[in-house]
Amino acid sequence: MKTHPKIIDRIIDGILQSRTFCIISHIRPDGDCVGSQVGLALALQGLGKRVICWNEDSIPDKYRFLDPDRLIQKPKPGLEFDCVIATDAASLDRVGAVAKCVANRKLFINIDHHESNTR
Ligand SMILES: [Mn+2]
């Protein structure tokens, strides 16, 4: 896979150059959705970034332990971000109402493992 290092380098550059982040994922959150949002949020906070996580739907009780500090919140309109990162969402439709709340952003990064990803 020759293109992979180039993409990861672009993601790293984009992250380093951004200060404010919103991490979004798919509606009806499951384990890989919650885990990828919280894990990435903690890593970015460790770099001194300002990070919020949004999901349209509440985290199911069985996955609550993955987000003990309740980093994942309901979306709010009217905010802007240097960088929005979608995790575990194969298309923009999958993030539901969150999509219109993150329209005001400089950079959008899509990190996902679904073969059906629409990019
Ligand atoms: Mn998922």
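Within any chain, residue numbers begin from 1 and follow the written order of that chain's sequence. Given that this is a predicted model, residues contribute local features only at a pLDDT of at least 70 and side-chain atom pairs are listed and counted only at 80 or more, while totals for whole chains, interfaces and linings are drawn from all residues.

K.L.:
Outline the overall build of the protein chain, supporting the account with residue identities and numerical values.
P.N.:
Broken down by element type, the protein chain carries three helices and five strands. Runs of E in the DSSP output that reach at least two residues are strands. Runs of H or I that reach at least four are helices, and both are numbered from the N terminus. For the protein chain, the sequential pattern of α-helices and β-strands runs α-β-α-β-β-β-α-β. Rg of the C-alpha trace for the protein chain: 14 Å, near the compact-globule value of 14 Å for 119 residues, within the 12% margin. On the principal axes, the C-alpha backbone points of the protein chain span a range of 40 × 30 × 25 Å. Put simply, a residue is buried when 20 or more other C-beta atoms lie within 10 Å of its own C-beta and exposed when 12 or fewer do; between those, it is partly exposed, and each C-beta is set from the backbone. Residues counted as buried form 30% of the 119 residues belonging to the protein chain. Contact between two residues is assigned when their C-beta atoms, built from the backbone, lie within 7 Å. A sequence separation of at least 24 residues applies to 73% of the contacts in the protein chain between residues at least 6 apart. Atoms considered for the radius of gyration are the C-alpha atoms alone. The globule rule reads 2.2 Å times the number of residues to the power 0.38.

K.L.:
With reference to specific residues and values, describe the sheet that holds strand β3 (residues 72-73).
P.N.:
Here, any two strands with at least 2 DSSP bridges between them count as paired. The five strands lie next to each other as β3-β2-β1-β4-β5, forming an open sheet whose pairing is parallel. Each having just a single partner strand, β3 and β5 (105-111) make up the two edges of the open sheet. Two strands pair when backbone bridges link them, and strand β2 (residues 50-54) and β3 are joined in this way by two bridges, in the parallel orientation. In the sheet register, cysteine 53 faces β3, and the bridge partner there is isoleucine 72. Where helix α2 (residues 31-46) meets the sheet, it contacts β1 (20-24), β2, β3 and β4 (81-87), and its direction lies at approximately 170° from that of β2. Whenever a helix is involved, its axis is fitted only over the stretch in contact; in every case the axis is a line through C-alpha atoms, and angles between N-to-C directions fall within 0 to 180 degrees.

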